[in-house]
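Structural description and commentary
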Amino acid sequence: MPEHFRRLQDSALYTRLGVVTVLLLLISLTSSARSDLPSLGEDASINIEREMKLGRSVYRKLLSVGLVETDPLLDRYINDLGFRLLAGIDNRVRDYRFFIVRDDAVNAFAVPGGYIGINRGLIAKALTQHQLASVMAHEIAHVELRHGLDSMAKGSEINTKTILAMIAGLALGGPAGSAVFYGGIAGSQQAMINFTRENEYEADRIGISLMGNANFDPQGMPEFFAIMGKLSGSSGSGIEYLRTHPLSNNRVAEALGRAQNMPPGRNQLDDYLLFKDFLQFVSRNHLEDQGSDFRRALASVKAGEHDRADKMLADLYRRDSDNIWYGIAFAQNLEHLERETEAELVYRRLLDIFPGDYVLSMHLLRLLKLVGQYESALVIGRQLENGFPEKQQVYFELSEIYESLHQPSLRMMAEAEFHRITGNPQQAIRLYDQVLKSPETDLATESKAREKRLILLEK
Ligand SMILES: [Zn+2]
């Protein structure tokens, strides 16, 4: 597999490249700042497509420097939560993308186009899904009301500088990078602060009604304000979210008043605590052996006590065998114990309950690859390709499977799809050209490559 392709995948590598990465990113940004980012003139009304383009470019940078949590189960949870809130919007035009940011600062932010980042630091502070939903609903409201874009249209320079500061900060990594990043975002909001105090009230108002429409408990909003209020009292100015979202008495009182006049939400699909435990499991080096049975089991996995974890997780899974969090943790631990056949059985049983489920299918596919069952892995990979044709990860896995099965043309086709989705159509077209030139390519693949190449060229 070509080196550049592999590198796209290994986001950790970017972080390790350190200084070189900063330079590369800055170079790529100076060129892409002109081509990718919309130019925001005085009178330019920013259309949705440009908004999406700006959002996508910021999101991709975050992804490429390893700041986006990519665990599929966690990623799906945060997106399910977000999309439940979006159900309350009529005639929605934006494709939203919610993501967890691998950063412990308490913060959340919206990038135009519907890219909404929530730091794991903020998730750690939210005690219920309703509290977390209140922050996400507020950020959705900023996007829907196009807050910030008016101000950006008034000063394109602020915008470009901000994005530059963000990217430079991100590439530095660690706390210093984080400070530059949020400094960048906060700085841009500082510049807009005169416009946005009203915007914040408006986002609260629309946000809480989104919560109501989606059947979340609106009390989550004043509750989360109370938590933020306490944090600002104890640990002072370290809370990034409060820098961009100052908590005035007015703001708190209004949220309380609104919540009291709304019915309590009944939306209690509450995997929230499992989600929080699993997020800590994925993101930390060590978990304290305390709290719920699930958390203690995960702590054992983290500590390398896989036999102990096996007993605890088997017990949880048996008691609640359609619980996907228990099932996946159980199966992953079985993989650690090199009991792959049993792990496969757990994934397959869960897939009987949730046919075609993306997360379970990905886990099963990776396990089958690991044990060298490429033909079986390919069956799952093809199902995933049909069900989720826009998921880049699917094509990454498929390309590896085709490589192992010595099918170079199909491998290149999968790589081309990967590049198309990740916003690199030139590379995709080059790969289609190679497919068309290769003597290995069969007729069906050839015509598919020709068709896909044409679609990209016409764009
Ligand atoms: Zn806000």
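Residues numbered from 1 in each chain as written. Predicted model: local features only at pLDDT ≥ 70, side-chain atom pairs only at ≥ 80, totals over all residues.

Points about the overall build of the protein
Test applied: Helix and strand labels come from DSSP, where a helix needs a run of H or I of at least four residues and a strand needs a run of E of at least two; each type is numbered from the N terminus. Exposure in this text rests on C-beta crowding, where 20 or more other C-beta atoms within 10 Å of a residue's own make it buried, 12 or fewer make it exposed, and counts in between make it partly exposed. The C-beta atoms are placed from the backbone.
Secondary structure summary: the protein contains 24 helices and three strands in total. Relative to its full complement of 459 residues, the protein shows a buried share of 43%.

Remarks on helix α23 (residues 425–437)
Side chains of residues three or four places apart in an α-helix project in the same direction, reflecting 3.6 residues per turn. Short version of the rule: Given the number of residues in a helix, its expected span is that number minus one, multiplied by 1.5 Å. Here, the arc refers to the directions that run from the helix axis to the C-beta atoms.
For α23, built from 13 residues, the straight-helix expectation of 18 Å at 1.5 Å per residue is met to within 8% by its first-to-last C-alpha distance of 18 Å. When we look at burial in α23, the residues that qualify are Ala428, Leu431, Tyr432 and Val435. Burial along α23 is one-sided: seen end-on, the buried residues are contained in an arc of 105°. Seen from the buried face of α23, the exposed residues on the opposite side, beyond 90 degrees, are Gln426 and Lys437.

Observations concerning the packing of helix α14 (residues 272–283) against helix α15 (residues 293–302)
Between two packed helices, both the angle of their axes relative to each other and the distance between the axes serve to describe the pair. Just so we agree on the cut-off: In this description, a line fitted to the C-alpha atoms serves as the axis of each element, helices being fitted only across the stretch in contact, and the angle between N-to-C directions of two axes falls anywhere from 0 to 180 degrees. When describing relative orientation, an angle under 35 degrees is termed roughly parallel and one over 145 degrees roughly antiparallel, while 65 to 115 degrees is termed roughly perpendicular and anything else oblique. Handedness of a crossing follows from how the near helix is turned relative to the far one, being left-handed for an anticlockwise turn of less than a right angle and right-handed for a clockwise one. Distance between backbone-placed C-beta atoms decides contact: two residues are in contact if it is within 7 Å. Following the grouping adopted for this structure description, the nonpolar residues are Ala, Val, Leu, Ile, Met, Phe, Trp, Tyr, Cys and Pro, the charged ones are Asp, Glu, Lys and Arg, and the polar ones are all others, Gly among them.
Relative orientation of the contacting elements α14 and α15 amounts to 10°, with a least axis distance of 10 Å. The angle between α14 and α15 falls in the class roughly parallel. Seen from above, α14 lies across α15 with right-handed handedness. Two secondary-structure elements touch here, α14 through Leu274, Asp277 and Phe281 and α15 through Phe294, Arg295, Leu298 and Lys302. The residue inventory of the contact of α14 with α15, partitioned by class, reads four nonpolar, no polar and three charged.

Comments concerning the sheet that holds strand β2 (residues 108–111)
Within a beta sheet, neighbouring strands are joined by backbone hydrogen bonds and run either parallel or antiparallel to one another. Under the convention used in this document: By this definition, two strands are paired if DSSP reports at least two bridges between them.
Pairing is mixed in the open sheet, where three strands are placed in the order β1-β3-β2. Of all strands in the sheet, those bounded by a partner on one side alone are β1 (97–101) and β2. Strand-to-strand twist in this sheet, taken as the mean axis angle between neighbours without regard to direction, amounts to 20°. Pairing geometry for β2 and strand β3 (residues 115–119), over four bridges, is antiparallel. Among the inter-strand pairings, Phe109 is bridged to a residue of β3, identified as Gly117.

So, the confidence of the model for the protein
Applicable threshold: pLDDT is a residue-level measure of predictor confidence that goes from 0 to 100.
Of all residues in the protein, 76% have pLDDT values of 70 or greater, and the mean over the chain is 81. Contacts for the low-pLDDT stretch residues 3–45, under 50 throughout, to residues beyond four places or in other chains number 46 contacts. This model gives residues 153–158 a pLDDT under 50, and the stretch forms eight contacts once residues within four places in sequence are excluded.

What to know about helix α4 (residues 48–64)
Between the first and last C-alpha of α4 there are 24 Å, a value that for 17 residues agrees with the 24 Å anticipated at 1.5 Å per step. All of the buried residues in α4 are Glu51, Leu54, Gly55, Arg56, Ser57, Val58, Tyr59, Lys61, Leu62 and Ser64. Just past α4, the residue Gly66 takes up positive phi, approximately 80°.

Looking at the packing of α23 against helix α24 (residues 443–458)
At a minimum axis separation of 9 Å, α23 and α24 run at an interaxial angle of 150°. One way to sum up the angle between α23 and α24 is to call them roughly antiparallel. Between α23 and α24 the crossing geometry is left-handed. Along the contact surface, α23 presents Pro425, Ala428, Ile429, Tyr432, Val435 and Leu436, while α24 presents Thr445, Glu446, Ala449, Arg450, Lys452, Arg453, Leu456 and Leu457. Here the residues of the contact of α23 with α24 sort into nine nonpolar, one polar and four charged.

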